[in-house]
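# Observations on the model geometry
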Amino acid sequence: MTESAQDGEYDAWLDSIESDDGYYLECSNGHGWLPPRRVCPRCHDQDLARVDLPESGEIASYTTITVPTPQFEDDAPYVTAIADFGPVSVTGLVRGVDPDDVAIGDVVGLDVGERVTTGERVVVFRPR
Amino acid sequence: MSDPRIAGASVTQFGKHPERTGRDLFAEAGLEALSQAGIDPEDAEALYYGNFMGELAEHQGHQGPLMAEAIGLDVPATRVEAACASAGTAVREAVKTIRNGEAEVVVVGGAERMTNIGTAAATDALAIAADDLYEVRAGMTFPGAYALMARSYFDQYGGSHEDLAHIAVKNHEHALVNEHAQIQQEITVEDAIEAPTIADPLGLYDSCPITDGAAAAVLTTEAYAEEHDLDAPVAITGTGQGGDNLALQDRPHLAQTPAADKAAEEAYGDAGVGPDDVDFAEVHDCFTIAEVFAIESLGFYERGEGIAAARDGETTRDGDRPINLSGGLKAKGHPVGATGVAQLATVTWLLDGSHPRADAVPDSTVGVAHNAGGTVASTTVHVMEVQE
Ligand SMILES: [Zn+2]
């Protein structure tokens, strides 16, 4: 991992997932977003509260990527998915399950792992 | 307010030209467009230029003045960046500049140099059109993002990889006579289905190639065209642009492209036409599934119906509404920052009868160009019509 400045609230958010204290930001109209975010783009509300992320989500779509960017060269093939956690969706790698067995609707939990290629932190989904 | 006339348009050969600089590619297209227009370069008043990955591919920012210089113009020059919709967005700026009376002659164009950095670096460069924190760091690539959208479409509306293969087969067939096209090679549905996977369900033949190339067009007012006796029968009569959340995860739908819905609605309203008036369209098929999203957003098909259009022969050159007679991005190639102006050129040539596929749409009067950026977080739509 290269020595560089933290990406503010994004890295703080990863820290929170790592310590099982994951959260999202919610406006007063119930729209959910991941940090960093100062305003709800849907209703312009700037009063965003920190809310606990649900323990599990559902795979909304997924793909096995065989031609990666150089930062994922040694990770490929890997499964990237978008999982629905109620008011927010999250994009991450699916691990702990055979790629052929991943399906829309699968229930997953949120975790932080490491990229094989660079050792950098990455959002990971694991079957629940 | 005058709808801009297209006085000249040009594209370079699209393909692999790793040894050619961006400035050389753009100079070729720009000089040819100016020459074709028959306009004194002294009369040009502005340049809008599309480019996406110039910093990464050529270590070159600030390309506006560089490219004006490359075509011998001393004018205010602005680079416009909206990922793969950069050139379409440049067209929109040019249209506004002509319409609001700020200029009588505007050059619009775009160029991209991509093959010099190799596939891995180009994949990386294209990926930065996505959200870095939440998508690129989760391994998302550009094909990967469209794969997520394709799988979601199949899940919601049905459809199969074989349906997508028919889109690739069609666009390859359309490109066979297009001398500017990167790929002039017929393929079969079996070829497309059996091709190596990039990000399932999308394979090699669901994806546009990595391309070097440039495109340029000269826009002018109706009055200037008349005064200078220019041959410029085609006008841009409608322009629209729409946006969306950058990251797929933040959108309510993975299988719809509302930014394109908004752009189409605005462009149709601006031109005073509807989808049923459109004879043909050039749409942004960076991946086969993207053509499905495009023809649904343009109102040619209901949601969930666009997937079967190529298979049913409706969007082929013999069909009722041919799509991508140039071969599309799929076969013609996709030099990212040039694509929107290449579409403008194609529609112009199909309407004025000079395109090699013009015989597929004889007597057509209305064509549409749809240019999408990223996973359709940016879209422009332009309506073009033959004027009396
Ligand atoms: Zn809100």
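Residues numbered from 1 in each chain as written. Chains lettered and ligands numbered in written order. Predicted model: local features only at pLDDT ≥ 70, side-chain atom pairs only at ≥ 80, totals over all residues. Heavy atoms only, no water.

The name recorded for chain B in an unreviewed UniProt entry is 3-ketoacyl-CoA thiolase, from Haloarcula rubripromontorii.

Looking at an unreviewed UniProt entry, chain A carries the name Nucleic acid-binding protein, with the source organism given as Haloarcula rubripromontorii.

In this section: the coordination of the zinc ion. Residues and elements named next belong to chain A. Here the zinc ion is held by the protein donor atoms Cys27 (SG), His31 (ND1), Cys40 (SG) and Cys43 (SG), which lie 2.1 to 2.3 Å from it. Sequence positions of the donors to the zinc ion reduce to the motif C-x3-H-x8-C-x2-C. With Cys27 in the loop between strand E1 (23-26) and strand E2 (32-33) and Cys43 in the loop between E2 and strand E3 (49-52), the pair connects residues that are 16 residues apart, well separated along the chain. Judged by relative accessible area, Cys27 falls into the buried class, the value being 3%. (Donors = N, O, S within 2.8 Å, 3.2 Å for Na, K, Ca; no water. Helix = DSSP H or I, 4+ residues; strand = E, 2+ residues; numbered from the N terminus. Buried < 20%, exposed > 50% of the residue type's maximum accessible area, 1.4 Å probe, protein only.)

Taken residue by residue, the interface counts 30 residues in chain B and 35 residues in chain A. On the chain B side of the contact with chain A, B:Tyr134, B:Arg137 and B:Gln249 bury the most area, a combined 25% of that side's loss. A salt bridge links B:Asp250 to A:Arg37, with the nearest nitrogen and oxygen atoms 3.2 Å apart. Put simply, chain B and chain A have 17 residue pairs in polar contact (both at pLDDT 80 or more) between them. At the level of secondary structure, the elements contributing two or more residues to the side of chain B that touches chain A comprise helix H5 (118-127), helix H6 (142-157) and strand E5 (197-199) of chain B. (Contact = heavy atoms within 4.5 Å. Buried area = accessible area lost by both parts, 1.4 Å probe. Salt bridge = Lys/Arg side-chain N within 4 Å of Asp/Glu carboxyl O. Polar contact = N/O pair within 3.5 Å; in protein donor to acceptor, adjacent residues only side chain to side chain.)

In this section: the packing of aromatic side chains. The tally for this structure, following the rule as stated, stands at eleven aromatic pairs over all chains. Consider the rings of B:Tyr153 and B:Phe293, whose centres lie 5.9 Å apart with planes at 75°: the pair is edge-to-face. In this pair, B:Tyr153 sits in helix H6 while B:Phe293 sits in helix H11 (residues 288-297), placing the two residues 140 residues apart along the sequence. Note on accessibility: B:Tyr153 and B:Phe293 belong to one class, buried. Each member of the aromatic cluster is reached from another via a ring pair, and the members are A:Tyr10, A:Trp13 and B:Tyr134. We note A:Arg50 situated over the ring of A:Tyr23; from NZ or CZ to the ring centre the distance is 3.7 Å. A cation over a ring is seen here: B:Arg151 above A:Tyr62, with NZ or CZ 3.9 Å from the ring centre. (Phe/Tyr/Trp six-rings, centres within 6.5 Å; stacked < 30°, edge-to-face > 60°. Lys NZ or Arg CZ within 6 Å of the ring centre and 35° of its normal.)

This next bit is on the environment of B:Asp212. Residues and elements named next belong to chain B. By the element assignment, Asp212 lies in the loop between strand E6 (202-203) and strand E7 (213-220). Residues Asp212 and Arg113, spaced 99 residues apart in sequence, show a C-alpha to C-alpha distance of 4.7 Å. Those residues in contact with Asp212 that sit more than four places away from it in its chain are Gln13, Phe14, Gly15, Lys16, His17, Pro18, Leu25, Glu112, Arg113, Met114, Thr115 and Pro335. Reaching out from Asp212, the side chain makes a polar contact with the backbone nitrogen of His17 at a distance of 2.7 Å. In this structure the side chain of Asp212 is engaged in a polar contact, spanning 2.6 Å, whose partner is the backbone nitrogen of Met114.

This next bit is on empty space enclosed by the protein. Residues and elements named next belong to chain B. In this structure the tally under the stated criterion is four cavities of 30 Å³ or more. Lining the largest cavity are Leu126, Ala127, Ala129, Ala130, Glu135, Thr141, Phe142, Ala145, Leu246, Gly374 and Thr375. Residue assignment for the lining of the largest cavity shows that the elements contributing at least two residues are H5 and H6. Here the residues of the lining of the largest cavity are counted per class, giving seven nonpolar, three polar and one charged. (1 Å grid on protein atoms, 1.4 Å probe; cavity = no way out; pocket = protein on both sides within 12 Å on 5 of 7 lines; lining within 4 Å. Points joined across faces, edges and corners; volume = space filled by probe spheres on them. Nonpolar A, V, L, I, M, F, W, Y, C, P; charged D, E, K, R; others polar.)

Residue and element names in this part refer to chain A. The sheet built from three strands is open, its strands ordered E2-E1-E3 with antiparallel pairing. A strand with exactly one partner marks an edge of an open sheet, and here the two such strands are E2 and E3. As paired strands, E1 and E3 are joined by four bridges and run antiparallel to one another. Each bridged residue has a counterpart across the sheet, and for Glu26 the counterpart in E3 is Ala49. (Pairing = 2+ DSSP bridges.)

Attention shifts here to the environment of A:Ser61. Relative to the helices and strands, A:Ser61 is located in strand E4 (residues 56-65). Remark: the alpha-carbon pair of A:Ser61 and A:Ile17, spanning 44 residues in sequence, is separated by 21 Å. Not counting residues up to four positions away in its chain, the partners in contact with A:Ser61 are A:Thr80, A:Ala81, A:Ile82, A:Ile104, B:Leu148, B:Arg151, B:Ser152 and B:Leu254. Only 2.6 Å separates the side chain of A:Ser61 from the backbone oxygen of B:Leu148, close enough to count as a polar contact.

The next thing to look at is the layout of surface pockets. It is the rolling of a water-molecule-sized probe over the atoms that shows where space remains empty. The computed volume of the largest pocket comes to approximately 560 Å³. As for the largest pocket, its lining consists of 27 residues, and the residues nearest its centre are B:Leu204, B:Ser207, B:Cys208, B:Pro209 and B:Ile210. For the lining of the largest pocket, the element with the highest residue contribution is H5(B), accounting for four residues. Split into classes, the residues belonging to the lining of the largest pocket amount to 15 nonpolar, ten polar and two charged. What the second largest pocket holds in volume is close to 400 Å³. Looking at the second largest pocket, it is lined by 20 residues, and the ones nearest its centre are A:Ser4, A:Asp7, A:Arg115, A:Glu120 and B:Arg137. Partitioning the lining of the second largest pocket into residue classes produces seven nonpolar, five polar and eight charged.

Right, let's talk about helix H10 (residues 258-271) of chain B for a bit. Residues and elements named next belong to chain B. An ideal rise of 1.5 Å per residue puts 20 Å on 14 residues; H10 measures up with 20 Å between its terminal C-alpha atoms. Inspection of H10 places Ala259, Ala260, Ala263, Ala264, Ala267, Tyr268 and Ala271 among the buried residues, and these make up the whole buried set. Angularly, the buried residues of H10 cover 155° about the axis, an arc narrow enough to put them on a single face. Seen from the open side of H10, the exposed residues pointing more than 90 degrees away from its buried face are Glu265 and Gly269. Elements that come into contact with the buried residues of H10 comprise strand E8 (234-243), H11, strand E10 (366-373) and strand E11 (378-386). Just beyond H10, the residue with positive phi is Gly272, at close to 75°. (Expected span 1.5 Å × (residues − 1). Arc of directions from axis to C-beta.)

Residue and element names in this part refer to chain B. Per the stated rule, a full pass over the model turns up 28 salt bridges over all chains. Across the pair Arg92 and Glu266 runs a salt bridge, and its minimum N-O distance is 3.5 Å. Taken together, the positions of Arg92 in helix H4 (residues 86-99) and Glu266 in helix H10 put the pair 174 residues apart, joining distant regions of the chain. Taking the relative accessible area as the measure of exposure, Glu266 reaches 35% and is therefore partly exposed. A salt bridge links Arg303 to Asp261; the nearest nitrogen and oxygen atoms lie 2.4 Å apart. With a gap of 42 residues between them, Arg303 in the loop between H11 and helix H12 (328-332) and Asp261 in helix H10 connect regions that are remote in the sequence.

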